[in-house]
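# Inside the fold
So the chains spell out like this:
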Amino acid sequence: GAVVSQHPSRVICKSGTSVKIECRSLDFQATTMFWYRQFPKKSLMLMATSNEGSKATYEQGVEKDKFLINHASLTLSTLTVTSAHPEDSSFYICSASGGRAGTDTQYFGPGTRLTVL
Amino acid sequence: AQSVTQLDSQVPVFEEAPVELRCNYSSSVSVYLFWYVQYPNQGLQLLLKYLSGSTLVKGINGFEAEFNKSQTSFHLRKPSVHISDTAEYFCAVTQGGGTYKYIFGTGTRLKVLA
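Overview of the structure. On a predicted model such as this, the values are computed, not experimentally measured, just so you know. (Residues numbered from 1 in each chain as written. Chains lettered and ligands numbered in written order. Predicted model: local features only at pLDDT ≥ 70, side-chain atom pairs only at ≥ 80, totals over all residues. Heavy atoms only, no water.)

## Considerations on the interface of chain B and chain A
Across the contact, 19 residues belong to chain B and 21 residues belong to chain A. Where chain B meets chain A, there are two salt bridges. With its nearest N and O atoms 3.0 Å apart, the salt bridge here joins K101(B) to E59(A). On inspection of chain B and its partner chain A, the count reaches eight residue pairs in polar contact (both at pLDDT 80 or more). Of all the secondary-structure elements, those providing two or more residues to the side of chain B that touches chain A are β5 (31–38), β6 (44–50) and β10 (87–95) of chain B. With four residues, β5(B) is the single largest residue contributor to the side of chain B that touches chain A. Among the residues making up the side of chain B that touches chain A, the classes are represented as ten nonpolar, seven polar and two charged. (Contact = heavy atoms within 4.5 Å. Salt bridge = Lys/Arg side-chain N within 4 Å of Asp/Glu carboxyl O. Polar contact = N/O pair within 3.5 Å; in protein donor to acceptor, adjacent residues only side chain to side chain. Helix = DSSP H or I, 4+ residues; strand = E, 2+ residues; numbered from the N terminus. Nonpolar A, V, L, I, M, F, W, Y, C, P; charged D, E, K, R; others polar.)

In structure tokens, the structure reads:
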């Protein structure tokens, strides 16, 4: 199958600091990666779509200066939460598609639990 | 615009009983349909998908779903559930032909009772 990893799985940080989350496709080249946010007992909210080598496309209402997304290679995308605040605490999940995994299906990472104190 | 409706937020069912989780969608164009399962504090795992062809799709863990274009539905079924099937199930739709963004339903919590 197509495997996607995320690192770290959990992170706790102080308010005002920045946090970087990595998303990697382990066995395929991901031309497109997606970042989602999930609130407790809620569905997934798409934050942005990134294509390798291009700027990310953010969904309406998502602050691009706060949630910096980089997709510098076909196997790695990063989400940086800048100047994090308690309201940014959430479960962040990435997904990837492309290459041998196909472009019609997204494969999801295990998620990152961010807690901002 | 596309949308996905999962009418049942929670479905309790006894072990070894059959279950159906409902998913309806709206779209003016052809779609691809997916079911994912999410266990607590984990990402989403693909159960099955419909892209084209046979309307009855079989997936992992004994699940299957049937695409019904006239009723715009893609209900998920399993003939006999196990305790380990307790999880959150999400239906998703994406427009075919290269538009890759998913629209997710709100999820259905399947709780299997002993």
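## Concerning the state of the cysteines
All names here are of chain A. According to the stated counting rule, one finds two disulfides over all chains in the structure shown. Each sulfur in the disulfide pair C23 and C94 lies 2.0 Å from the other. On the sign convention where negative is left-handed, the bridge of C23 and C94, at about 80° about the S-S bond, is right-handed. Of this pair, C23 sits in strand β3 (residues 19–25) while C94 sits in strand β9 (residues 90–97), placing them 71 residues apart in sequence. (Disulfide = S-S within 2.5 Å.)

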